[in-house]
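What the coordinates show
Residue-level listing of the chains:
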Amino acid sequence: MKHAYLALSIATILNIPVVNAAPFIEDEKTEVIEVLGQISNSQGLSVKDAYVDGPFGDNLALKDIARSVTPISSELIEQLNITTLQDVLAVSPNTYSASGFGAPSLPTIRGQLGELFQDGTRRQAGNNGFGVPLSFNSVEQIDVVKGAPPVLFGSSQRNGGFVNLHSKTASTDESKGKVNLSAGRWDQYRAQVDYTGAIVKDKVGFRISAEHIDNGSFYDYAGMKSDSLFAALRILPDDKSSWDINFELFQVEFTDNAGINRPTQALIDHGLYITGQGVQSNGSTIPAAGSIVSPTGQVQLPRSTVLTDPDNQNEATTYLFHSIYKRELSPSLSLKNTTYFQHLQREEISQNSFVEVIDGADTAQNRTELTYLWNSDQQTIFALDVRYNKVLGYSQFTTEADSPIDLTGPLSNRRIPLTAEQQARLVELRPDVFVSPGAQYDTNNDGTGDFNLSDTTDSRSVQTGLAIQHDSDWSNDLHTTVGYRADFYDVKASDPIAPEGQIAASDSINEILHSAHLSFNYTLTSDYTVYGTASYNEATSNSMAGGTALSSDNTISAQNFATENTLVEFGLKYAPTDSDWYADGAVFSQRRSLRNRDGSNTGIRTQGFETQVFYDAYPYWVSAGYSYIDASYDNSASSQDSAQIADAFDNSRPDIIEGTSVGAPSFTSFAPSNRQVQGIPEQSFSFNGNYSINPEWQIGFSGLYTKSYPLDFLATVKIRDQYTLNMNTSYAFTPNTKLRFDVNNVTNGKNWRPVFEGGYFGATLVFPELPINAKLTVTHNF
């Protein structure tokens, strides 16, 4: 059995010595001045002294932001082993997420999908969380912000909250580098080299970071290989301006991991899987909608046996460019210009008939902010923001069928060769690859569309935003912020692959979306600040890569621009100047719309409480986070791939399962209700800690607890209370070389997670989390 190892090194310890005046003999004419110093024990692992740039302005202290925010520094990223967006749950409360088919491309915040920004601009991030894995090779800080993006960031697609990634920046005054090598269980290897130096001292600097990952997997027929090359340039023309430029190229081959099908309570509690291949009404055992399974028994299914296939193809290439230019134009006027460009190509062709091919997605954005200081108490930010998005993509997800598949059988059980009848309802993109057309057509004039629709599109959108934000200090204790933004959308979409003999359908639409927020901060004492915020946001619903697909009537649905989102939040922040503690807490109420697979929107209301606590003073560091969330449908309809897993089975073995013989998959719409949203734990608790035995040797731990929650809408299956405990230790052999050993899930808990956000596959799939594993990492600074 292979041994495993995971990680990254522990942060640099900052130790500032006490400064004392030298002793001397006092006489009558000598003025005595006593110089007192204070030891700084910070290890860079607390959020207390962090500053946040971008969402609400620049260089803002955490206690001065009227939102629940968790800034995660590079030291904290390293300490917590953050390598995916799911890992932020270790430190930021209310960020529990589904597996995202094993490759999450979006965060989940307060029970709903959040947005992903980098350097203040929204990245392409897949379709409802299913997209391309994220490389952290370019990342220096992660800001996790709860609630919809503020007016400076503008209208977007997802409003639970957002993560803003801060790119690494170059140094202009020193040269330094780092090499990081890790090896782990299941043949998981990672190598990274990061170097920065001055080209012209105090004027121009560069930085280069390269990363290679070659990961085997615990899961069958799974793995990931990726390469990231990041380069940054910093230019300081004078003492009033700065210009940061960076570029990243990222290539990845990865696995679309759908987890385990047929999630019964016996599977969750005891690992028991119901066997038997589904049968169509015509007697075929090829998985298809409406298939019915006659159970043949129950077996202990290895948790590594998941819905993957060795012949699946899944790869992507993307490159990104960011530029941030700042200049002080006068003592009262400053300028900030942010530019972003991203190109993405992706191809997934699966043996279960799923296809998603992005044949080019280009996004360009430029935002100019002018900040005018009226006086020492009043400031206004004016912003002009233009975003362009063009997507050419093809998809097909209408013939997938997971429930009929018996995972204990041969690979042929999982494969779905399309019948001639199914192919006739699709279009051939290339030999033996069939996709949905980008519009509906009635070829036989019977009044009914003859094709299966997915997300195929050739679309272009231009978003022009005008924003204003005014900040006021009414006294030394009271600060308010008010902001408004209007976004003008010009969108066109057409069918890029119309069936032979048909004229490609197309449509266009123009819409105006509005957003506004109002907030206050009030300093109760020098240590305590109370805040409140209210936000209204109109958002969009998009398909893959942020594109816009035509609906079944061959128009761009106005529903795509009708997702209203609201937030009310009140909180208290404790940030004492003479203590090593930091704590905050917030109560919130959010309402948002969730885009369903059929293009409709479902209203969901979330209410809850969250708190985080940090203590950072050498030799100790601890943090803890707790969240409570009540997520329910807001008198709204919902849908699932099937109503319940029992629908996939007949009742021939009631001793195993009382089947209904409905057949599965069988798309089910549920009537409007106020039921609990499936797939979200009401309560979660995370904790982390580190202790330095001496300057060379450190030990640490982290843990996560989640309360039981329903996996499906009808709550026929529940994921029980579960916890994960991780341990780590590191030893510095020299001041520049450190070895770290991580053991994750030390209790070997058999934990589970939903596969997809929104609960659509709650009665169909469930994701088994990793068993105990370890990694060894060596870090060398030079």
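Residues numbered from 1 in each chain as written. Predicted model: local features only at pLDDT ≥ 70, side-chain atom pairs only at ≥ 80, totals over all residues. Heavy atoms only, no water.

Digging into the overall build of the chain
The helix and strand inventory of the chain stands at three helices and 42 strands. Relative to the globule expectation of 28 Å for 782 residues, the C-alpha radius of gyration of the chain, 27 Å, shows essentially globular dimensions. C-alpha extents for the chain along the principal axes are approximately 110 × 60 × 50 Å. Burial analysis of the chain (782 residues in total) assigns 55% to the buried set. Put simply, 69% of the contacts in the chain that link residues at least 6 apart link residues at least 24 apart. Side-chain charges of the chain comprise 53 positive and 89 negative groups, with the mean position of each set lying 2 Å from the other. (Helix = DSSP H or I, 4+ residues; strand = E, 2+ residues; numbered from the N terminus. Rg over C-alpha atoms; globule rule 2.2 N^0.38 Å. Buried < 20%, exposed > 50% of the residue type's maximum accessible area, 1.4 Å probe, protein only. Contact = heavy atoms within 4.5 Å. Lys, Arg positive; Asp, Glu negative; His and termini not counted. Charge placed at Lys NZ, Arg CZ, Asp CG, Glu CD.)

Side note on the side chain of Glu569
Position of Glu569 among the secondary structure elements: in strand β28 (residues 563-574). If sequence neighbours within four positions are ignored, Glu569 has contacts with Arg67, Ser68, Arg110, Lys146, Tyr531, Gly532, Thr533, Ala586, Val587 and Phe588.

Some details on unusual backbone geometry
The phi angle of most residues is negative, glycine excepted, and most peptide bonds adopt the trans form. Tyr618 connects to Pro619 through a cis peptide bond whose omega is 15 degrees. On the secondary structure map, Pro619 appears in the loop between β30 (601-617) and β31 (620-633). The omega torsion of the bond from Ala664 to Pro665 falls at -5 degrees, within 30 degrees of zero and hence cis. Relative to the helices and strands, Pro665 resides in the loop between β32 (636-640) and β33 (668-673). Unusually for a residue other than glycine, Asn59 sits at a positive phi of about 60 degrees. By the element assignment, Asn59 lies in the loop between β1 (51-52) and β2 (60-61). The exposed category is assigned to Asn59, whose relative accessible area is 54%. Phi at Asn635 takes a positive value of approximately 50 degrees, unusual for a residue other than glycine. Within the secondary structure layout, Asn635 lies in the loop between β31 and β32.

Focus on the sheet that holds strand β3 (residues 69-72)
Backbone hydrogen bonds hold the strands of a sheet together, and the pairing may be parallel or antiparallel. In spatial order, the strands read β3-β8-β9-β6-β7; together these five strands make up an open sheet with mixed pairing. A single partner strand is all that each edge strand has here, and the edge strands are β3 and β7 (121-122). As paired strands, strand β6 (residues 115-118) and strand β9 (residues 161-167) are joined by four bridges and run parallel to one another. In the sheet register, Glu115 faces β9, and the bridge partner there is Phe162. (Pairing = 2+ DSSP bridges.)

Quick word on the packing of aromatic side chains
This structure, assessed with the given rule, holds 28 aromatic pairs. Centre to centre, the rings of Phe670 and Phe713 are 4.1 Å apart; their planes meet at 15 degrees, and the pair counts as stacked. Taken as a pair, Phe670 in strand β33 and Phe713 in the loop between β36 (709-710) and β37 (718-719) lie far apart in primary sequence, 43 residues in all. For the residue pair Phe670 and Phe713, the accessibility class agrees, reading buried in each case. Chaining the aromatic ring pairs together yields one cluster made of Phe101, Phe667, Phe756, Tyr760 and Phe761. Sitting over the face of the ring of Tyr531, Lys573 holds its NZ or CZ atom 5.2 Å from the ring centroid. (Phe/Tyr/Trp six-rings, centres within 6.5 Å; stacked < 30°, edge-to-face > 60°. Lys NZ or Arg CZ within 6 Å of the ring centre and 35° of its normal.)

Remarks on the environment of Thr95
Its place among the elements puts Thr95 in the loop between α1 (74-79) and β4 (108-109). Judged by its relative accessible area of 2%, Thr95 falls in the buried class. Residues Thr95 and Leu85 lie 10 residues apart in sequence; the distance between their C-alpha atoms is 9.3 Å. Residue contacts for Thr95: discarding those within four places in its chain leaves Val88, Leu89, Thr108, Ile109, Val144 and Lys146.

Brief notes about the pattern of salt bridges
In the structure shown here, the tally under the stated rule is 32 salt bridges. A salt bridge links Lys326 to Asp58; the nearest nitrogen and oxygen atoms lie 3.5 Å apart. Placement of Lys326 in strand β18 (residues 313-330) and of Asp58 in the loop between β1 and β2 is noted, with a sequence separation of 268 residues between them. Taking relative accessible area as the criterion, Lys326 reaches 27% and is therefore assigned partly exposed. A salt bridge links Arg346 to Glu356; its shortest N-O distance comes to 2.6 Å. Pair noted here: Arg346 is in strand β19 (residues 333-349) and Glu356 is in strand β20 (residues 355-375), with a separation of 10 residues, a long-range link. (Salt bridge = Lys/Arg side-chain N within 4 Å of Asp/Glu carboxyl O.)

Overview of the nonpolar core
Grouped together as the largest cluster of nonpolar side chains are 38 residues, with contacts concentrated most on Ile72, Leu76, Ile142 and Val163. Looking at which element gives the most residues to this core, the answer is strand β8 (residues 139-146), with four residues. Ignoring anything within four residues of it in the chain, the contact list for Leu76 reads Gly44, Leu45, Pro71, Val91, Phe614 and Trp621. Ranked by size, the runner-up nonpolar core spans 29 residues in total, among them Tyr96, Leu267, Ile719 and Trp752. (Core = buried A, V, L, I, M, F, W, Y, C linked by side-chain atoms within 4.5 Å.)

Topic: the side chain of Thr540
For Thr540, the position within the fold is in the loop between β27 (528-539) and β28. Excluding residues within four positions of it along the chain, Thr540 makes contact with Ser155, Ser156, Gln157, Tyr489, Leu513, Asn560, Phe561 and Thr563.

Focus on the sheet that holds strand β41 (residues 765-768)
Across the sheet, which stays open at both edges, the three strands sit in the order β15-β41-β40 with antiparallel pairing between neighbours. The sheet is open, and its two borders are formed by β15 (260-261) and β40 (752-753), each paired with just one other strand. Strand direction decides the pairing type here: β15 and β41, joined by two bridges, are antiparallel. What sits directly across from Asn261, in β41, is Leu765.

What about the confidence of the model for the chain?
Mean pLDDT over the chain works out to 91, with 93% of the residues at or above the 70 mark. Within the model, pLDDT remains below 50 along residues 1-38, and this stretch shows 83 contacts once partners closer than five positions in the same chain are excluded. (pLDDT = per-residue confidence, 0-100.)

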